[in-house]
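# Coordinate inspection notes
Each chain, letter by letter, is given below.
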Amino acid sequence: MMENKIRGPESIAIRNGKLYTGTADGKVVSIDLETNTMKTVARLGNAPCGLPDDEPTCGRPLGLRFDKDGTLVIVDAYLGLFRINVDTGAFKCLLSSSQAIKGEKPKLLNDVDIADDGKIYFTDSSSKWNRKDNRLLIMDAPTDARVMVFDPKTGETEVIIDHLMFANGIQLSENNDYLLVVELTKCRILKYHLRGLQARQLEVFADNLPGVPDNIRRRPNGHYWVSMATIRRQEKFSFIDFTAPRPWFKKILMKIFDQETLVKISPKYGLIIELNKNGQIVKSFHDPSGNIVPSISQAEEHNGVLYLGSYYLPYISKLVLTESELPYVENQT
């Protein structure tokens, strides 16, 4: 979809027949799924836009969701947490990235989800590296990522999880009793209990994933789609696995190679996995050649179709699910 008309549709939300996404040139756009026409809904930052060095002032919209009132809630990697009226384009900043939270200013706000009580959960991937330096963030592997919650009723923000490595996608459970958080650098997903006897406890939900996970989204049956930015190959050289236990080697590479070179040596392989409620892989979709989807930032399911986002591709990909792949309701918890 929208081939060469859009760039970097990283996160996707769908409502009333329209697909919404943020782009690499700082815009939030809507695409009519029936007419395949696109329009700009809002621009959160200021021109110039389009180049990596423009991002800190132009902005880079990433994770987005609709709240129960139909307002689009979005995090911009550089600018903060926003609400957008998609009908008028009017927007309001709920939390600015210039505001320190527990002594640290967020530098890479990444994904967001909204609880039934209106509280907004979001990830800050780093307080050291910003989005345009994300490859350096992966190489450096600092433990400075956090998960926070913003309460629109009080205007207060609380850090609920810290000392993570590149916290990325985030997803509430169907009953809002726990929160799943992608820890990209460790190729795993964490589970943070919000209610019950285990409230505020953190555990591993899915470990040693077959790729480097980006966003996570819940299916209608309570399972989860996890999209992979790149893969890990057991039978072949894996850059991430090789460098993980060798911090000295990563520091040398950071001095020798620029980020574009690091991108080029990453495997081109499209991969989406489906996790059940126990964190087990029950299904996967592959593009081994990487010709169509060499990297996937998010898989959004709507009316039997998976819409696939990317942080850099000039289009949105679609995967039509067969009848056997459509969601089913199960009794398993």
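Residues numbered from 1 in each chain as written. Predicted model: local features only at pLDDT ≥ 70, side-chain atom pairs only at ≥ 80, totals over all residues. Heavy atoms only, no water.

Right, let's talk about the state of the cysteines for a bit. Within this structure, the stated rule accounts for one disulfide. Disulfide partner of cysteine 49: cysteine 58, at an S-S distance of 2.1 Å. Of note, the bridge from cysteine 49 to cysteine 58 carries an S-S torsion of about 110° and is right-handed in sense. Under the relative-accessibility criterion, cysteine 49 is labelled partly exposed at 25%. Judged by relative accessible area, cysteine 58 falls into the buried class, the value being 1%. (Disulfide = S-S within 2.5 Å. Buried < 20%, exposed > 50% of the residue type's maximum accessible area, 1.4 Å probe, protein only.)

The strand order across the open sheet formed by four strands is E1-E2-E3-E4, and the pairing between neighbours is antiparallel. Pairing within the sheet leaves two strands with one partner each, and these edge strands are strand E1 (12–15) and strand E4 (37–43). For this sheet the average axis-to-axis angle between neighbouring strands, irrespective of direction, equals 25°. Pairing of strand E2 (residues 18–22) with strand E3 (residues 27–32) involves five bridges; the strand directions are antiparallel. Bridged to threonine 21 within E3 is valine 29. (Pairing = 2+ DSSP bridges. Helix = DSSP H or I, 4+ residues; strand = E, 2+ residues; numbered from the N terminus. Axes fitted to C-alpha atoms, helices over the stretch in contact; angles between N-to-C directions.)

To continue, consider the pattern of salt bridges. Pairing is possible between side chains of opposite charge, provided their charged atoms come close. On inspection of all chains with the given rule, the structure shows 13 salt bridges. One salt bridge in this structure joins lysine 27 and aspartate 25, with 3.5 Å as the shortest N-O distance. Within the structure, one salt-bridge network assembled from shared partners comprises Arg219, Glu274, Lys283 and Glu301. (Salt bridge = Lys/Arg side-chain N within 4 Å of Asp/Glu carboxyl O.)

With that out of the way, let us pick up the layout of surface pockets. Within this model, the largest pocket holds a volume of roughly 860 Å³. Together, 35 residues line the largest pocket, and Arg65, Phe66, Asp113, Ile114 and Arg218 are the ones closest to its centre. Elements supplying a minimum of two residues to the lining of the largest pocket: E1, strand E5 (61–66), strand E9 (109–114), strand E13 (167–172), strand E17 (211–218) and strand E21 (298–302). Class assignment of the residues belonging to the lining of the largest pocket gives a composition of twelve nonpolar, five polar and 18 charged. (1 Å grid on protein atoms, 1.4 Å probe; cavity = no way out; pocket = protein on both sides within 12 Å on 5 of 7 lines; lining within 4 Å. Points joined across faces, edges and corners; volume = space filled by probe spheres on them. Nonpolar A, V, L, I, M, F, W, Y, C, P; charged D, E, K, R; others polar.)

The next subject is the sheet that holds strand E15 (residues 188–193). Strands sit in the order E13-E14-E15-E16 across an open sheet of four strands; the sheet is antiparallel. Across the chains shown, the open sheet's two edge strands, defined by having one partner strand only, are E13 and strand E16 (202–206). Recorded for the sheet is a direction-independent mean angle of 30° between the axes of neighbouring strands.

Summary statistics for the protein give a mean pLDDT of 92 and a share of 89% for residues scoring 70 or more. Every residue in residues 329–333 scores below 50 in pLDDT, and together they form six contacts with partners more than four places removed in sequence or on other chains. (pLDDT = per-residue confidence, 0-100. Contact = heavy atoms within 4.5 Å.)

The next point concerns the packing of aromatic side chains. Aromatic ring pairs are described here by two measures, namely the spacing of the ring centres and the angle between the planes. In this structure the tally under the stated criterion is five aromatic pairs. On the basis of an interplanar angle of 75° and a centroid distance of 5.1 Å, the ring pair of tyrosine 20 and phenylalanine 66 is categorised as edge-to-face. With tyrosine 20 in strand E2 and phenylalanine 66 in strand E5, this pair connects stretches of sequence that are 46 residues apart. A relative accessible area of 6% means that tyrosine 20 is categorised as buried. Classification of phenylalanine 66 as buried rests on a relative accessible area of 17%. Sitting over the ring of tyrosine 178, lysine 191 keeps its end group 4.3 Å from the ring centre. (Phe/Tyr/Trp six-rings, centres within 6.5 Å; stacked < 30°, edge-to-face > 60°. Lys NZ or Arg CZ within 6 Å of the ring centre and 35° of its normal.)

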